Amino acid sequence: MSNTTMIERAFEAASLRFREIGVDAKVALSKLESISISLHCWQGDDVRGFEGLDEELSGGLAVTGNHPGRARNVDELRSDLEKVFSLLPGQHRVNLHAIYAETGGETGSRFVDRDELEPAHFAGWVDWAGQRQLGLDFNPSYFAHEKARDGFTLSHEDEGVRGFWVEHGRACRRIGAEMGRVLGTPCVTNFWIPDGHKDLPVDRRGPRERLTESLDLIFARNLDPAIHLDSLESKLFGIGSESYVVGSHEYYLGYAMARQKILCLDSGHFHPTETITDKISAVLPWVPGLLLHISRGVRWDSDHVVILSDEVTSLAQEVVRSGALDRIHVGLDFFDASINRVAGWVIGARAVQKAFLLALLEPTKELCRLEREGDFTGRLALLEEQKSLPWSAVWDFFCLTNNVPHGRQWLAEVRDYEARVLLKR
Ligand code: RNT
Ligand code: ZN
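Residues numbered from 1 in each chain as written. Chains lettered and ligands numbered in written order. Predicted model: local features only at pLDDT ≥ 70, side-chain atom pairs only at ≥ 80, totals over all residues. Heavy atoms only, no water.

Peer 1: Can you break down the pairing of strand β6 (residues 228–233) residue by residue, with the values?
Peer 2: Counting buried positions along β6 gives six out of six residues, so the element sits mostly inside the fold. Along β6, one buried face is formed by His228, Asp230 and Leu232 and the opposite face, lined by Leu229, Ser231 and Glu233, is buried too. Across three bridges, β6 lies against strand β8 (residues 262–266) in parallel orientation. Residue Ser231 lies in a different strand from β8, and its bridge partner there is Ile262. (Buried < 20%, exposed > 50% of the residue type's maximum accessible area, 1.4 Å probe, protein only. Helix = DSSP H or I, 4+ residues; strand = E, 2+ residues; numbered from the N terminus. Pairing = 2+ DSSP bridges.)

Structure representation (structure tokens):
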């Protein structure tokens, strides 16, 4: 029997099992196809960017590992992303940072500081994305810069430093809006600001007041939500900001509600036993939307490659159950230089897609009925049974119909790409 026939037959058998519990696997797949994942470009080059400054990564971020093959320029990064997209079912997005600007022009490399970035510096990315029907999302970069060396940017005491970063924020919104306008899909521009103290601060209020002032200046101009959306991301702590982060969860929850901005929830930015699943229904009524940075925290690190964990599965379930997929933007955020970076992307993105598939194959109505009737025994029993239904046959079929390798076959392609391309860098 050919591989294709095997997958088709297994899918038919699996569909019957799902039909028994009132779930249509084909409907689940068509919904899965509409979930685009915003793929973070910074996994491909260890968050270095192409500014060519010899500035160390900062802002409390750290990438560990030295697997060969890091993308060193825009062409290499795009080629790696293309490889990744060829291994992912569905249509997706690319999430860029300001440090990935192309400022070289035809005359060779020219340094353009972050307050002077313009849409033109991202025209190459926009062309590339347009040709491949990819949406773009964007991020100002408030780290790895001389004006961020002392750990403060938008909340800095010095007005000049703050002003520089305000201009950077404004420039990034202009760039994001242009991406959204040209590509015809709103660009989510996400602000993450690492400002914070390593040790006990005395004045906790001042930096937060200054951050509010700076953000209000950045957001002064209204942008059409059909092309651009502002988002804000909190963090519990970073390396070097263990005692205090200006942009904490409570701070941005308040700010996003007050100014009606999208709130970004990064799954690695909370206490180790705290997950973002329960936050979705709590926050969604109060803000225009949510951005998810799906990541995996391990001890001090908030950025391991995402896997199909209970945490990710329950997050996907909550997103699907919320019925608000149109207001929830799904992105990834991790960086691991200890394994093949292309594989890292594929593992993380496919894990998230599988989690969404599991969620879409759930007999939610039945589970809700049991819950309403107080039958918590039945609820727990069926949630457990759900885990061993033949969803992987549905996944393989999804890969087959999307013309991407099913099961473990993608790995052979990444290994081949590594031998042909990555190891030659
Ligand atoms: C950092 C935040 C942020 C960054 C990227 C590079 O802790 O998660 O999203 O990872 O912006
Ligand atoms: Zn993040």
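Peer 1: Go over the site of ligand 1 with me, naming the residues and quoting the values.
Peer 2: Residues in contact with ligand 1, as listed here, are Trp42, Leu61, His97, Trp192, Glu233, Lys235, Asp266, His269, His293, Asp333 and Phe335. Here an oxygen atom of ligand 1 sits 2.7 Å away from a polar atom, N or O, in the side chain of His97. If ligand 1 stood free it would expose 310 Å²; the protein chains cover 100% of that surface. Among the residues forming the shell around ligand 1, the class breakdown is four nonpolar, three polar and four charged. (Near = heavy atom within 4 Å. Polar contact = N/O pair within 3.5 Å; in protein donor to acceptor, adjacent residues only side chain to side chain. Areas by Shrake-Rupley, 256 points an atom, 1.4 Å probe, with all protein chains shown as cover. Nonpolar A, V, L, I, M, F, W, Y, C, P; charged D, E, K, R; others polar.)

Peer 1: Can you lay out the state of the cysteines for me, pointing to particular residues and giving the numbers?
Peer 2: A complete count under the given rule lists zero disulfides for this structure. Unpaired in terms of disulfides, Cys187 finds its nearest cysteine sulfur in Cys172, a separation of 9.7 Å. Residue classification places Cys187 among the buried positions, given a relative accessible area of 0%. Take Cys264: it sits in no disulfide, and the sulfur closest to it among the cysteines is that of Cys187, at 13 Å. Overall, Cys264 belongs to the buried group, its relative accessible area being 1%. (Disulfide = S-S within 2.5 Å.)

Peer 1: Just give me the short version of the environment of Ala120, but keep the residues and values in it.
Peer 2: Assignment of secondary structure puts Ala120 in the loop between β2 (93–97) and α4 (123–131). Linking Ala120 and Ala101, residues 19 residues apart in sequence, is a C-alpha distance of 9.0 Å.

Peer 1: For the packing of aromatic side chains, give the residues involved together with the corresponding values.
Peer 2: This model, assessed by the stated rule, comprises 13 aromatic pairs. When the ring of Phe191 is compared with that of Phe219, the centres are 5.2 Å apart and the planes differ by 75 degrees; the resulting orientation is edge-to-face. Placement of Phe191 in strand β4 (residues 187–192) and of Phe219 in the loop between α6 (205–218) and β6 is noted, with a sequence separation of 28 residues between them. For the pair Phe191 and Phe219, one class covers both residues: buried. Through a chain of ring-to-ring contacts, three or more aromatic side chains come together here, namely Tyr142, Phe164, Trp165, Phe191, Phe219, Tyr251, Tyr252 and Tyr255. Over the ring of Trp125 we find Arg78; its NZ or CZ atom is 4.4 Å from the centre of that ring. (Phe/Tyr/Trp six-rings, centres within 6.5 Å; stacked < 30°, edge-to-face > 60°. Lys NZ or Arg CZ within 6 Å of the ring centre and 35° of its normal.)

Peer 1: Go over the coordination of the zinc ion (ligand 2) with me, naming the residues and quoting the values.
Peer 2: For the zinc ion (ligand 2), the full set of protein donor atoms is Glu233 (OE), Asp266 (OD), His293 (ND1) and Asp333 (OD), at a range of 2.1 to 2.2 Å. Around the zinc ion (ligand 2) sit six donor atoms, and with donor-metal-donor angles ranging over 70 to 163 degrees the site reads as octahedral. For the zinc ion (ligand 2), all donor residues lie on one chain, and their spacing in sequence is E-x32-D-x26-H-x39-D. With a gap of 60 residues between them, Glu233 in strand β6 and His293 in strand β9 (residues 290–294) connect regions that are remote in the sequence. There is no split in this pair, since Glu233 and His293 are both buried. (Donors = N, O, S within 2.8 Å, 3.2 Å for Na, K, Ca; no water. Tetrahedral: all angles 85-135°; square planar, octahedral: opposite > 155°, others 65-115°.)

Peer 1: Tell me about the packing of helix α3 (residues 74–85) against helix α10 (residues 341–360), and please be specific about residues and values.
Peer 2: It is at 9 Å that the axes of α3 and α10 come closest, and there the two elements cross at 40 degrees. Considering their axes alone, α3 and α10 lie oblique with respect to each other. In the packing of α3 onto α10, the handedness of the crossing is right-handed. Contacts from Leu77, Asp80, Leu81, Lys83 and Val84 of α3 reach α10 at Val342, Trp345 and Val346. (Axes fitted to C-alpha atoms, helices over the stretch in contact; angles between N-to-C directions. Parallel < 35°, antiparallel > 145°, perpendicular 65-115°, else oblique. Left-handed = near helix turned anticlockwise from the far one by under 90°. Contact = heavy atoms within 4.5 Å.)

Peer 1: Requested: an account of a negative patch on the surface, with residues and values cited.
Peer 2: Together, Glu157, Asp158, Glu159, Asp203 and Glu213 line one region of the surface with negative charge. By secondary structure assignment, the location of Glu159 is in helix α5 (residues 159–183). Exposure remark for Glu159: the relative accessible area of 63% places this residue in the exposed category. (Patch = residues over 30% accessible without salt bridge, like charges linked within 9 Å, V, L, I, M, F, W, Y side chains within 5 Å. Salt bridge = Lys/Arg side-chain N within 4 Å of Asp/Glu carboxyl O. Lys, Arg positive; Asp, Glu negative; His and termini not counted. Charge placed at Lys NZ, Arg CZ, Asp CG, Glu CD.)

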